[in-house]
Amino acid sequence: MRLILDGKINKTYVQSLCMMFFHGEKFPENESNPNGILKLNTKDTNDGISCDCELIYNGKIAKSNTYVPFKENVTYERISKSVIGKAVYSVGKQLTGRDIEWGILTGIRPSKVAWEIYQCYGYDTALDILCNEYLLSKNKARLALDVALNENSILKKYTQNACSIYISIPFCPTRCAYCSFVSYSTKKLFDLIPEYINHLLYELEEKINVINRLDLKVVSLYIGGGTPTTLSAEQLDILLSNINNKIELWKLDEFTVECGRPDTITNDKIEVLKKYGVRRISVNPQTLNDQVLINIGRKHTTDDFLNAYDLVDKYNFEIINTDLIAGLDGDDEQSFKASIDKIIELNPENITVHSFSVKKSAQILRDDSSIYEKSGEVAKKSVEYSYDALTKNGYIPYYMYRQKNTIADLENVGYSKKDKLGIYNVLMMSDAHTVFGIGAGATTKLAKNNNGKTDILRIFSKKYPYEYLQNNKSDIGEIINFFHTEK
Ligand SMILES: C[S@@+](CC[C@H](N)C(=O)[O-])C[C@H]1O[C@@H](n2cnc3c(N)ncnc32)[C@H](O)[C@@H]1O
Ligand code: SF4
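What you see is a predicted model, and the numbers here were worked out from it, not measured in a lab.

Conventions used here
Residues numbered from 1 in each chain as written. Chains lettered and ligands numbered in written order. Predicted model: local features only at pLDDT ≥ 70, side-chain atom pairs only at ≥ 80, totals over all residues. Heavy atoms only, no water. Axes fitted to C-alpha atoms, helices over the stretch in contact; angles between N-to-C directions. Helix = DSSP H or I, 4+ residues; strand = E, 2+ residues; numbered from the N terminus. Parallel < 35°, antiparallel > 145°, perpendicular 65-115°, else oblique. Left-handed = near helix turned anticlockwise from the far one by under 90°. Contact = heavy atoms within 4.5 Å. Expected span 1.5 Å × (residues − 1). Buried < 20%, exposed > 50% of the residue type's maximum accessible area, 1.4 Å probe, protein only. Polar contact = N/O pair within 3.5 Å; in protein donor to acceptor, adjacent residues only side chain to side chain. Pairing = 2+ DSSP bridges. Salt bridge = Lys/Arg side-chain N within 4 Å of Asp/Glu carboxyl O. Domains from an automatic or database assignment. Buried area = accessible area lost by both parts, 1.4 Å probe. Nonpolar A, V, L, I, M, F, W, Y, C, P; charged D, E, K, R; others polar.

1. Details of the packing of helix α12 (residues 333–346) against helix α15 (residues 376–392)
Between two packed helices, the angle of one axis relative to the other and the distance separating the axes together describe the packing.
Step number 1: At a minimum axis separation of 9 Å, α12 and α15 run at an interaxial angle of 25 degrees. Relative to α15, the element α12 lies roughly parallel. At the point where α12 passes α15, the crossing takes the right-handed sense. The segment α12 lies against α15, with Glu 333, Phe 336, Lys 337, Ile 340, Asp 341 and Ile 344 engaging Val 378, Lys 381, Ser 382, Tyr 385, Ser 386, Ala 389 and Leu 390.

2. Considerations on α12
For an α-helix, the turn length of 3.6 residues means that residues three or four places apart are oriented alike.
Step number 1: Spanning 14 residues, α12 covers 20 Å between terminal C-alpha atoms, matching the ideal 20 Å at 1.5 Å per step.
Step number 2: If you check which residues of α12 are buried, you get Ser 335, Phe 336, Ser 339, Ile 340, Ile 343 and Ile 344.
Step number 3: In the core, the buried residues of α12 are packed alongside α11 (302–313), β9 (319–326), β10 (350–355) and α15.
Step number 4: Between a side-chain oxygen at the N-terminus of α12 and the backbone nitrogen of Gln 334 the separation is 3.1 Å; the capping residue is Asp 332.

3. Focus on the sheet that holds strand β1 (residues 2–6)
Step number 1: Strand order in the open sheet formed by 4 strands is β1-β2-β3-β4, and the pairing between neighbours is mixed. Bordering the open sheet on either side are β1 and β4 (60–69), each of which pairs with just one other strand. Across the sheet, the axes of successive neighbouring strands diverge by a mean angle of 10 degrees, strand direction being ignored.
Step number 2: Pairing between β1 and strand β2 (residues 36–44): 5 bridges, direction parallel. Looking at β2, one finds that Leu 3 is bridged to Leu 38.
Step number 3: Across the sheet, helix α1 (residues 11–21) lies against β1 and β2, angled at about 135 degrees from β1, the strand it touches most.
Step number 4: Sheet strands in contact with helix α2 (residues 76–96) are β2, β3 (48–57) and β4, and its direction is about 155 degrees off that of β4.

4. Observations regarding the pairing of strand β13 (residues 434–438)
Step number 1: Among the 5 residues of β13, 5 are classified as buried, and the element is accordingly described as predominantly covered.
Step number 2: Of the two faces of β13, both are covered, the one formed by Thr 434, Phe 436 and Ile 438 as well as the one formed by Val 435 and Gly 437.
Step number 3: When strand β5 (residues 162–169) meets β13, the two strands line up parallel, connected through 5 bridges. Within the sheet, the bridge partner assigned to Ile 167 lies in β13 and is Ile 438.

5. Quick word on the pattern of salt bridges
Step number 1: Applying the stated rule across the entire model yields 22 salt bridges.
Step number 2: The residue Lys 39 makes a salt bridge to Glu 54 at a minimum N-O spacing of 3.7 Å. Pair noted here: Lys 39 is in strand β2 and Glu 54 is in strand β3, with a separation of 15 residues, a long-range link.
Step number 3: Judged by relative accessible area, Glu 54 falls into the buried class, the value being 17%.
Step number 4: Across the salt bridge formed by Lys 207 and Glu 203, the nearest N and O atoms sit 2.8 Å from each other. Of this pair, Lys 207 and Glu 203 both sit in helix α7 (residues 193–213), separated by 4 residues, roughly a single helical turn. Like Lys 207, the residue Glu 203 is buried in the burial classification.
Step number 5: One network of salt bridges, with partners in common, ties together Lys 39, Glu 54 and Lys 63.

6. Looking at the domain arrangement of the protein chain
Step number 1: Domain assignment breaks the protein chain into domain 1 (1–98), domain 2 (107–149) and domain 3 (157–438).
Step number 2: Centre-to-centre, using C-alpha coordinates, domain 2 lies 27 Å away from domain 3.
Step number 3: Across the boundary between the two partners, domain 2 contributes 11 residues, which contact 14 residues of domain 3.
Step number 4: Buried area between domain 2 and domain 3, both sides added, is near 1,000 Å², and the carbon and sulfur share of it is 57%.
Step number 5: For the domain 2 face of the interface with domain 3, the top three residues by lost area are Arg 109, Leu 143 and Val 147, together amounting to 46%.
Step number 6: Joining domain 2 to domain 3, the criterion identifies 2 salt bridges.
Step number 7: A salt bridge links Lys 140 to Glu 411; the nearest nitrogen and oxygen atoms lie 2.8 Å apart.
Step number 8: Here domain 2 and domain 3 share 4 residue pairs in polar contact (both at pLDDT 80 or more) between them.
Step number 9: Here the element with the most residues in the side of domain 2 that touches domain 3 is helix α5 (residues 138–155); it accounts for 5 residues.
Step number 10: Its residues assigned to classes, the side of domain 2 that touches domain 3 comprises 5 nonpolar, 2 polar and 4 charged.

Below, the structure written as structure tokens:
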């Protein structure tokens, strides 16, 4: 699609709006014969901004004209986004007939916007603003506000001297067809694990030193992947005993190990986790439909999941989390409902409902490029059902994010029993919390207060374990420089 923009217009925002109606759309500069043309023209008047918009797509044409007045305490940027968003939404809807439940809210964290509005106007007015100005459906507006309130019940407990640590274990027993996470899954590459653990521990030592120098306090530790329980019980013991020597694990507010794949969970590994005080773990079925598990290349069955769940349930972890995905290939409304209902029956403290996101590097897309459009309606109904069923059964939505290329533009939502909210999941998404990422593919996100506003710096580790092992460059200098006011 070619964009012809005239006025003060944020091109990236316009592209994101177009992608909500026309999935996978590209915006090449020099395409002589584009499949669509979007013309936008904005003008500032004395008291507001007006916008003329025309969309030509596959031989059809739609036009709109919108105007939004300036308002006290509302920035020019917000007015501009509103007038452009409404204009593009109108032409997109005219040509596709689609209503987008998230309206003109394109960012990855709808609850952040909801929280800002809530703080100024309170719940009811914020609900109106989200529905009428941002064009959200009432359900999504409520979800965004509820998540905002729940996540802030955690955020308010932590000050700027709190930080978290994420340790990446990018190894999995086999590769799932829908997944784009970097992860090694062959026996030959598993030979790298001992060296990888050594490298991790070295990096952890460096990071702990800098955490101490900066007088920060580690409040949560998350070991994720990949699948950390791909490691043998002995390897887990080496990793955790060394971490235990460096961090007072019993003082943490949360210590999570994302086991994930049921086919990696054994008594001896879970005993190691217990020994070192792990309090939150994940056991993920994704679906409880065996045919869907085959379609997505998951290499375990529903029974494998139920057995693994049964096994970990006996160990009395404070929190068990289970991940599900809505909109998977071959799933229908009934089978998704059956998955959610069965999971609710198991009664885990946390349930995370992801919406299927189609990643370029995932095997499933290479096998069938039509996969993206296939199950939008099923995914929508599945997500709606999850919300209804989970909230009826005492779960609250407490964190949420959206990703690109997700079926039907749906969201990922973490649900929790009251007082069992996953702290790391909330903190790592906050702009005001520092997370030290350790290992291949991990991201360090540094946050500091700068005269009332937060400065953020992200440092990315080498993506693949091979590159990570060969890299001797330390990021400690960059971290110290960022915080500058070293104590
Ligand atoms: C980093 S993965 C690791 C979890 C663990 N290895 C497992 O597979 O159980 C975390 C979660 O992301 C979700 N996920 C991964 N790929 C996805 C995709 N393409 N669309 C939606 N959710 C996805 C899955 O629910 C998965 O459990
Ligand atoms: S979904 Fe989990 S187990 Fe499957 S490849 Fe991705 S990280 Fe590994």
